[in-house]
Amino acid sequence: MKPSERNAAPSRASLPVRYRRPIYGALVALLVLFLLLDYLPGLHGRSSWVTPPVALFLGLAFALTCGEACPTFNKRASKLLLQYAVVGLGFGMNLHASLQSGREGMAFTVVSVVGTMAVGWLIGRKLLGVGRGISYLVSAGTAICGGSAIAAVGPVMKADEREMSVSLGTIFILNALALFLFPSIGRLLGLTQQQFGLWAAIAIHDTSSVVGAGAAYGEEALAVATTVKLTRALWIVPLALFTSFCFKGSGRRVTIPWFILCFVLAMVVNTYLLSASPTGLAIGAAINELARKALTLTLFFIGAALSREVLRSVGLRPLVQGVLLWIVVSVGSLLYLLRPVACKKNGEATSLHRFFCRQPASVTRARGAR
């Protein structure tokens, strides 16, 4: 029996596996059925209630009331679906616009990655006394791309199973909260699409929740959040090399996730090939729509992995470190985005001022049409 299956043994608060699996299968089938209704004549729009937050909530509700049903399948399905969904989203993005968004967020990304690792070390090691391995993994997951960063640097630093599971559990809990909280906070504060996309990419851990929150906020927010987050994910490579130096690891290969490169290729195809004709545009839109549905299903799988056993395994101090670090990153980046940027020279606005104080693109276009 696999370790993940042993972890799925029922606790006193969980249903036996023979009951959990049929319920789990029924929920998956129900979500897939409603997501595909849009492709049937006369049933378009019947799946409007199946949104990323709803799918995540259903997964969480199942895991917390019934327990994990198929942990091995659930983990693999969420990983693969997320990768395919990210690539599919590239068919709905323009390369030139995405590169512009990436350039504008690059300096912010560099500062936030280095700053998050430093603050995470101070909070985890100095303030809370969290173990060196867990503290480093939680900081890495917060700084770059959640579970992917932890999975990349964990073997390099020779992290044991407990360190990996505790750090991943901490990140998964905060991911679930972020998907619900961030769009509401963004609307409450009146963030522009550009601001929210950049904020989500910096302050939310996993790519899945970043994309889900961006999709919930708007099209432009989704494009900015996805591009900046995937650019940020490339920091896995230098971080793994730095980890190897700090933890005296050697002989372990560092790889770049393949779906990041495929995402860029999809944007190139969409910009230079599909956008050249109405038929191509329709194909790109169809792939993009299917990718969004795959993302919604992915969030159900992610929620279904967050059982009571996972919550208990995390422990208090690593969770407190994750929460405090998350608050520092979220509030700090948000204040930087919202601050009145006093950076004019000789009466002219600098590029930083234009970036953080400009109006949304929709407002700019509306003014130009008058």
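As the structure is a computational prediction, the values presented were derived from the model and not from experiment. Within any chain, residue numbers begin from 1 and follow the written order of that chain's sequence. pLDDT decides what is reported in this predicted model: residues at 70 or higher carry local features, side-chain atom pairs at 80 or more are listed and counted, and totals for whole chains, interfaces and linings draw on all residues regardless. Working from all heavy atoms in the structure, the side-chain values ignore hydrogens and water.

**Brief notes about the overall build of the chain**
Right, so step 1: Secondary structure elements follow DSSP: runs of H or I of four or more residues count as helices, runs of E of two or more count as strands, with numbering from the N terminus. Helices and strands together make up the secondary structure of the chain, namely 18 helices and two strands.
Right, so step 2: Burial status follows relative accessibility: with a 1.4 Å probe on protein chains alone, a residue under 20% of its type maximum counts as buried, one over 50% as exposed, and anything between as partly exposed. Going through the 370 residues of the chain one by one, you find that 48% of them count as buried.
Right, so step 3: Contact criterion: two residues are considered in contact whenever any of their non-hydrogen atoms come within 4.5 Å of each other. The contacts of the chain with a sequence gap of at least 6 include a subset with a gap of at least 24, amounting to 78%.
Right, so step 4: What sets the accessible areas is the Shrake-Rupley method with a 1.4 Å probe; for residues, cover comes only from the shown protein chains. Surface summary for the chain: the accessible area is close to 17800 Å², and the carbon and sulfur share equals 67%.

**A few points about the packing of aromatic side chains**
Right, so step 1: Within 6.5 Å between ring centres, the rings of Phe, Tyr and Trp (the latter by its six-membered ring) count as paired, and their orientation is classed by plane angle as stacked under 30 degrees, edge-to-face over 60, tilted in between. Considering all chains together, one arrives at 10 aromatic pairs under this definition.
Right, so step 2: With a centroid separation of 6.0 Å and 20 degrees between ring planes, the pair formed by Phe182 and Trp326 is classed as stacked. Linking Phe182 in helix 8 (residues 161–189) with Trp326 in helix 16 (residues 316–338), this pair joins segments that are 144 residues apart in sequence.

**Regarding the nonpolar core**
Right, so step 1: Only buried Ala, Val, Leu, Ile, Met, Phe, Trp, Tyr and Cys residues count toward a nonpolar core, and they belong to the same one when joined by side-chain atoms within 4.5 Å. Phe182, Phe196, Trp199 and Ile204 are the most contacted members of the largest nonpolar core, which totals 41 residues.
Right, so step 2: Among residues more than four places away in sequence, those in contact with Phe196 are Phe182, Pro183, Gly186, Leu191, Ala213, Gly214, Tyr217 and Ala221.
Right, so step 3: Counting 40 residues, the second-largest nonpolar core is a separate cluster that includes Phe91, Ala143, Met164 and Leu295.

**Focus: helix 2 (residues 17–36)**
Right, so step 1: An ideal rise of 1.5 Å per residue puts 28 Å on 20 residues; helix 2 measures up with 28 Å between its terminal C-alpha atoms.
Right, so step 2: Burial in helix 2 covers these residues: Arg20, Tyr24, Val28, Leu31 and Leu35. The buried side chains of helix 2 occupy one side of the element, clustering within an arc of 65 degrees when seen end-on.
Right, so step 3: The inward-facing, buried residues of helix 2 abut helix 3 (52–66), helix 4 (71–89) and helix 14 (278–304). In this scheme, a helix's expected span is set at 1.5 Å multiplied by one less than its residue total. Taking the helix axis as origin, the arc is that swept by the directions to the C-beta atoms.

**Examining the packing of helix 6 (residues 132–143) against helix 12 (residues 236–246)**
Right, so step 1: In this analysis an axis means a line fitted to C-alpha atoms, helices contributing only their contacting stretch, and an angle means the value between N-to-C directions, from 0 to 180 degrees. Their axes nearest at 13 Å, the elements helix 6 and helix 12 cross at an angle of 165 degrees. By the angle between their directions, the pair helix 6 and helix 12 is classed as roughly antiparallel. Relative to helix 12, helix 6 is oriented so that their crossing is right-handed. Within the contact between the two elements, helix 6 uses Arg132, Tyr136 and Ala140 and helix 12 uses Leu239, Phe242, Thr243 and Cys246. For classification, angles of less than 35 degrees are called roughly parallel, those exceeding 145 degrees roughly antiparallel, those between 65 and 115 degrees roughly perpendicular, and all remaining angles oblique. Handedness of each helix crossing follows the sense of rotation of the near helix against the far helix: counterclockwise by less than a right angle gives left-handed, clockwise gives right-handed.

**Some points on the environment of Thr51**
Right, so step 1: By the element assignment, Thr51 lies in the loop between helix 2 and helix 3.
Right, so step 2: Since its relative accessible area comes to 28%, Thr51 is described here as partly exposed.

**Structural notes on a nonpolar patch on the surface**
Right, so step 1: Nonpolar side chains collect at one region of the surface, where Phe57, Leu177, Phe180, Leu181, Ile185, Leu188, Leu189 and Leu338 lie side by side and expose about 730 Å² of accessible area between them.
Right, so step 2: The dominant element in the nonpolar patch, judged by the number of residues it contributes, is helix 8, at six residues.
Right, so step 3: Mapped onto the elements of the fold, Leu181 is located in helix 8.
Right, so step 4: Classification of Leu181 as partly exposed rests on a relative accessible area of 42%. Patches were defined on residues exceeding 30% relative accessible area and lacking a salt bridge, with like-charge contacts within 9 Å and nonpolar side-chain contacts (Val, Leu, Ile, Met, Phe, Trp, Tyr) within 5 Å. The rule for a salt bridge is simple: a side-chain nitrogen of Lys or Arg has to be within 4 Å of a carboxyl oxygen of Asp or Glu.

**Examining the packing of helix 7 (residues 147–156) against helix 12**
Two numbers describe a pair of packed helices, the interaxial angle and the distance between the axes.
Right, so step 1: Helix 12 packs onto helix 7 with a crossing angle of 30 degrees between their chain directions and a minimal axis gap of 9 Å. Looking at the two axes, helix 7 sits roughly parallel to helix 12. In this structure, the crossing between helix 7 and helix 12 has a hand that is right-handed. Taking contact as the criterion, the partners of Ser148, Ala149, Ala152, Val153 and Val156 in helix 7 are, on helix 12, Ile236, Leu239, Ala240, Thr243 and Ser244.
Right, so step 2: For the contact of helix 7 with helix 12, the per-class residue count stands at seven nonpolar, three polar and no charged. Residue polarity is assigned by list, with Asp, Glu, Lys and Arg as charged and Ala, Val, Leu, Ile, Met, Phe, Trp, Tyr, Cys and Pro as nonpolar; anything else, Gly included, falls into the polar class.

**Examining the confidence of the model for the chain**
Right, so step 1: Per-residue pLDDT for the chain has a mean of 77; in total, 82% of the residues score no lower than 70.
Right, so step 2: For every residue, the pLDDT score states the predictor's confidence, bounded by 0 at the bottom and 100 at the top. Model confidence for the chain, summarised as mean pLDDT per element, is weakest for helix 18 (residues 361–368) at 39 and strongest for helix 9 (residues 193–203) at 91.
Right, so step 3: pLDDT under 50 marks residues 1–12. Its contacts with residues more than four places away, or in other chains, come to 18 contacts.

**Side note on the pattern of salt bridges**
Right, so step 1: With the rule as written, the count across this model stands at two salt bridges.
Right, so step 2: When the shortest N-O distance is used, the salt bridge between Glu219 and Arg292 registers 2.8 Å. A residue pair is termed long-range when its members are at least 10 positions apart, and Glu219 in helix 11 (residues 219–233) and Arg292 in helix 14 qualify at 73 residues.
Right, so step 3: In this structure, the salt-bridge partner of Glu289 is Lys293, at a minimum N-O distance of 3.6 Å. Of this pair, Glu289 and Lys293 are both found in helix 14, four residues apart, which corresponds to roughly one turn of the helix.

**So, helix 4**
An α-helix turns once per 3.6 residues; consequently, residues spaced three or four apart project the same way.
Right, so step 1: For helix 4, built from 19 residues, the straight-helix expectation of 27 Å at 1.5 Å per residue is met to within 8% by its first-to-last C-alpha distance of 27 Å.
Right, so step 2: Looking at helix 4, one finds that the buried residues are Pro71, Asn74, Ala77, Ser78, Leu82, Gln83, Ala85, Val86, Val87, Gly88 and Leu89.

**Topic: the environment of Gly124**
Right, so step 1: As for its position among the elements, Gly124 is in helix 5 (residues 95–127).
Right, so step 2: Since its relative accessible area comes to 0%, Gly124 is described here as buried.
Right, so step 3: Sequence separation between Gly124 and Tyr136 is 12 residues, and the spatial gap between their C-alpha atoms is 8.1 Å.
Right, so step 4: In this structure, Gly124 is in contact with Gly129, Val130, Ser135 and Gln321, ignoring residues within four places of it in sequence.

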